[in-house]
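# Examining the three-dimensional arrangement
Next come the chains, spelled out residue by residue.
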Number of protein chains: 4
Amino acid sequence: MYQDIKQACFEANMQLPKLGLVVFTFGNVSVVDREKGVFAIKPSGVPYESLQADQIVICDFDAKVMEGTFRPSSDTKTHAVLYKHWTEIGSIVHTHSTYATSFAQAQMDIPILGTTHADHLTVDVPCAPPMSDEMIKGDYEYETGFQIMNHFEKKGFSYKEVEMVLLGNHAPFTWGKNAEKAVYNAGVLEAVAQMAYLTCTLNPRVNRLKDTLIEKHYERKHGKSAYYGQGC
Amino acid sequence: MYQDIKQACFEANMQLPKLGLVVFTFGNVSVVDREKGVFAIKPSGVPYESLQADQIVICDFDAKVMEGTFRPSSDTKTHAVLYKHWTEIGSIVHTHSTYATSFAQAQMDIPILGTTHADHLTVDVPCAPPMSDEMIKGDYEYETGFQIMNHFEKKGFSYKEVEMVLLGNHAPFTWGKNAEKAVYNAGVLEAVAQMAYLTCTLNPRVNRLKDTLIEKHYERKHGKSAYYGQGC
Amino acid sequence: MYQDIKQACFEANMQLPKLGLVVFTFGNVSVVDREKGVFAIKPSGVPYESLQADQIVICDFDAKVMEGTFRPSSDTKTHAVLYKHWTEIGSIVHTHSTYATSFAQAQMDIPILGTTHADHLTVDVPCAPPMSDEMIKGDYEYETGFQIMNHFEKKGFSYKEVEMVLLGNHAPFTWGKNAEKAVYNAGVLEAVAQMAYLTCTLNPRVNRLKDTLIEKHYERKHGKSAYYGQGC
Amino acid sequence: MYQDIKQACFEANMQLPKLGLVVFTFGNVSVVDREKGVFAIKPSGVPYESLQADQIVICDFDAKVMEGTFRPSSDTKTHAVLYKHWTEIGSIVHTHSTYATSFAQAQMDIPILGTTHADHLTVDVPCAPPMSDEMIKGDYEYETGFQIMNHFEKKGFSYKEVEMVLLGNHAPFTWGKNAEKAVYNAGVLEAVAQMAYLTCTLNPRVNRLKDTLIEKHYERKHGKSAYYGQGC
């Protein structure tokens, strides 16, 4: 019944180690089926190298397991909250990729320093602050989703334009219209984070990209008159 | 007679180069058989790429060779001391992995800066100080084991909860209930060390993780009501 | 009709991921046919892992598509301008390789600190400043070519002797008499940039190479009495 | 006639890219035949990926070609000088490996900070200063050999105990009784250099290893009562 998203979820998860974004069990990808109101997600604690497609778990938007014999990722409630409220997301990726996680640990936004960054978003990659003790002691993974959404609201960001976030002291989440885009965003984020790290340690007084250049690069790829790519 | 632990020890050793934790001969894994009172350990100075299962050496807890034609690892006495006193360890791993060893050389604990760390232990990865001249000039590898145990005692740490240590100016040791866990801990330590290095050089004034977050992440994976993994 | 340069362009593009210089779609190589007055270039937004030789696009020096059903790289006008004015270039490579791009983001020349650098050029790798708002809002990729050429003119550099440049806030461009040389230069630039990064962060007060050593290394490889290589 | 050292030289050269110590043509290995008074060395400017055993060149200790149709490495005179004066060397390796070269560019010795270093030598890896203008303008590669030997004499080092050197602004040379050991030393040097870089940037006030620990680690591997390895 959910074969399509289970297979898509499995394949997207297997991209993470291939792209060098995860080791051991440090990550998870989910893929949504909006019509059926469910999403497929990696089982908890299963190493990537032994992951099988039929171990993928199906959950509804309250994180209730609908199909599957395995326990879903411990981060399932975070995915569920985001799918419920951000209604046009098709897939979510969570990793502890090295450089992006280091910015999260440093509790720093990733500053926009070059066109590689501007090709994908027009603002610094936002780092949401660590949660309050109350949220942590409460329904932690559920609150994690709200912490992300609240930070976007405070910043005035749209999840359709900014498809990535760092959670302070934790690690990145990325998303997209489908699994391919969400995984791509996880890879872009890590590349952008590495170059930002190198730039900041090389020249601590470096300035952010100027607005005209930010706008130009974003528009040529995502604007109405975009001319990057094959237009399909 | 010792075929099981010899094979387990061989396979665990071969994981180290695969995980990027050793080059040349810079490391060793041992696996214990508590019933027989012996452990299997890598032979000294044999490169990983030519290591054979039948070269694995069997020693008792006084580091006496019980079986094998090769000389055991020069670090054998350290393993023997730890097996003798920490009676629930099943396997020990020693590497000179790049980032963990750099913290050992810097004589710094690895500060707990993120949830990747907190998923595995609730404290900074301890760095035992270099040994006294007397210990170094004495039975060096034997004393190395005591230096580790003494540091744990001084810190009030249990080897069952903190399964890794840095030895100042030297390199890391990790352990676990079995070889798979001990090798896993060596890989986790290196990943945590790399992200701590990047975080500290990016933001030298970074704060340690707050206690609620440390507790939450450790408990969800290791506590009585753990809900990470498949519970088996 | 353009089969030779299409194949050469395809093969040169495929070298970039192999050398670790690109991920996803972050780069492009072009190869010129001076007699026919056209160049072959990578199609826009096509990932390296699915790139096919028959997707390569042929353009003239005004960036007009002469053959091919795909849209050419969004950077095509930059290539066209350089081919038109620098009449002895045979191939151009653009990447967002990690260390070279970090210097571009830091808006720093790559200082000449060792003989690896001096074997290939006698000056710091120049970093052209970001363009004026007018240029960015205008015909951006076309102006990018002029920004590079203007910087070389201001510096008094010859494109025949200095075959690489960083564009501030963006990334590197390299070129050469043929595709093999242009790709080689992209790889050399990244290696030189990485070692310069490490040298500068290790010893911020380091001095540039002295002139006699710069001259000696460059001359033994490129001078009239060069004795490096097989002389063919 | 020289088949043995040609084959040994070829195989040793091919280890360098495998160990990640060279890219393109940035390195060379030579192997000596003391009885015949000649050494085999890599041809100049031939990329490692296309290198063939029959391209290896045979030279005498005055760097005169004795056999081979290719031009020998441009660094041949440096090898010749070292073989002539350091009469117990069996093989020499020159690379531009990333971290070791960065210390050479920074004109810094690699400080002895851990037991990985002390397992191989008891002193900081020496960095010879850049040569005088007179030496550079003279017989450059010949003088390079003397610069290395003079620095060892000034430091009071024996080439039999310290089998590696950095040449300021240039890159490392290592050697050993045979090709296997010389290549091993090149790999050890790069690993030690990387960990020293990370240690120094993590804790700039770090102290060198204390003497008792240096002596202990070196002696257990190289002393009269060495107990590391299989004793063969």
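Keep in mind the model is a prediction, meaning the values are calculated, not measured.

Conventions and cut-offs
Residues numbered from 1 in each chain as written. Chains lettered and ligands numbered in written order. Predicted model: local features only at pLDDT ≥ 70, side-chain atom pairs only at ≥ 80, totals over all residues. Heavy atoms only, no water. Least-squares fit on C-alpha atoms with pLDDT ≥ 70 in both. Pairing = 2+ DSSP bridges. Helix = DSSP H or I, 4+ residues; strand = E, 2+ residues; numbered from the N terminus. Contact = heavy atoms within 4.5 Å. Axes fitted to C-alpha atoms, helices over the stretch in contact; angles between N-to-C directions. Buried < 20%, exposed > 50% of the residue type's maximum accessible area, 1.4 Å probe, protein only. Buried area = accessible area lost by both parts, 1.4 Å probe. Salt bridge = Lys/Arg side-chain N within 4 Å of Asp/Glu carboxyl O. Polar contact = N/O pair within 3.5 Å; in protein donor to acceptor, adjacent residues only side chain to side chain. Expected span 1.5 Å × (residues − 1). Nonpolar A, V, L, I, M, F, W, Y, C, P; charged D, E, K, R; others polar.

## A word on the relation of the copies chain A and chain C
For the pair chain A and chain C, the superposition axis carries a translation of 0.0 Å, the fit reaches an RMSD of 0.0 Å, and the rotation angle comes to 90 degrees. Here the two chains are linked by the operation of a four-fold rotation axis. Looking at the rotation axis and the C-alpha trace of chain A, the residue lying nearest is T201(A), at 5.3 Å.

## A short note on the sheet that holds strand β3 (residues 57-60) of chain A
Residue and element names in this part refer to chain A. The sheet built from 8 strands is open, its strands ordered β4-β3-β2-β1-β5-β8-β7-β6 with mixed pairing. Whereas interior strands pair on both sides, the edge strands pair on one side only; in this sheet they are β4 (65-67) and β6 (127-128). Two strands pair when backbone bridges link them, and β6 and strand β7 (residues 164-167) are joined in this way by 2 bridges, in the parallel orientation. Its bridge partner lying in β7, A128 is registered against L167. Across the sheet, helix α6 (residues 140-155) touches β6, β7 and β8 (172-176), and the angle it forms with β7 is around 120 degrees.

## Let's talk about the pairing of strand β2 (residues 38-41) of chain C
Residues and elements named next belong to chain C. Neither face of β2 is left uncovered, since the one carrying V38 and A40 and the one carrying F39 and I41 both have all their residues buried. Taken together, the 4 bridges between strand β1 (residues 27-33) and β2 define a ladder with antiparallel strand orientation. Its bridge partner being in β2, S30 is matched across the sheet by I41. Taken together, β1 and the strand that follows it, β2, pair antiparallel across an intervening segment of 4 residues, in which G37 is found at a positive phi of about 70 degrees. Here β2 pairs with strand β3 (residues 57-60) via 4 bridges, running antiparallel. By the bridge assignment, V38 is partnered in β3 with D60.

## Considering the interface of chain A and chain B
At the junction of the two partners, chain A supplies 35 residues and chain B supplies 34 residues. Between chain A and chain B, a total of about 3,000 Å² is buried, with carbon and sulfur atoms accounting for 57% of that surface. Contact with chain B buries surface across chain A, with F24(A), R71(A) and Q105(A) losing the most and accounting together for 21% of the total. At the surface where chain A touches chain B, the tally comes to 3 salt bridges. Notably, a salt bridge pairs D75(A) with R220(B), separated by 3.4 Å at the nearest N-O pair. Summed over the shared surface of chain A and chain B, the number is 21 residue pairs in polar contact (both at pLDDT 80 or more).

## A few points about helix α7 (residues 179-202) of chain A
Compared with an ideal rise of 1.5 Å per residue, which puts 24 residues at 34 Å, α7(A) spans 35 Å between its outermost C-alpha atoms and is within 8% of the ideal. For α7(A), the tally of buried residues reaches 20 of 24 residues, placing the bulk of the element in the interior.

## Points about the sheet that holds strand β1 (residues 27-33) of chain D
Residue and element names in this part refer to chain D. Within the open sheet, the 8 strands sit side by side as β4-β3-β2-β1-β5-β8-β7-β6. Their pairing is mixed. Each edge of the open sheet is held by one strand with a lone partner, namely β4 (65-67) and β6 (127-128). Here strand β3 (residues 57-60) pairs with β4 via 2 bridges, running antiparallel. Directly across from I58, in β4, lies its bridge partner E67. Contacts from helix α1 (residues 3-18) reach β1, β2 (38-41), β3, β4 and β5 (91-95) within the one sheet, and its direction differs from that of β1 by about 155 degrees. In this fold helix α3 (residues 98-105) packs onto β5, β6, β7 (164-167) and β8 (172-176), with an angle of close to 55 degrees to the strand it touches most, β7.

## A look at the interface of chain A and chain C
If you look at the interface, chain A gives 34 residues, while chain C gives 35 residues. With both chains or domains summed, chain A and chain C bury close to 3,000 Å², and 57% of this area falls on carbon and sulfur atoms. Remark: the boundary between chain A and chain C carries 3 salt bridges. Where E141(C) meets R220(A), a salt bridge forms, and the shortest distance between an N and an O atom there is 2.5 Å. Scanning the region where chain A abuts chain C turns up 21 residue pairs in polar contact (both at pLDDT 80 or more). Residue assignment for the side of chain A that touches chain C shows that the elements contributing at least two residues are α4 (115-118), α7 and α8 (211-222) of chain A. Looking at side-chain class alone, the side of chain A that touches chain C contains 15 nonpolar, 14 polar and 5 charged residues.

## Quick look at the pairing of strand β1 (residues 27-33) of chain A
Residue and element names in this part refer to chain A. Most of β1 is tucked away, with 7 of its 7 residues classed as buried. Both faces of β1 are covered, namely the face carrying G27, V29, V31 and D33 and the face carrying N28, S30 and V32. Relative to strand β5 (residues 91-95), β1 runs antiparallel, the two being bridged by 5 bridges. What sits directly across from V31, in β5, is S91.

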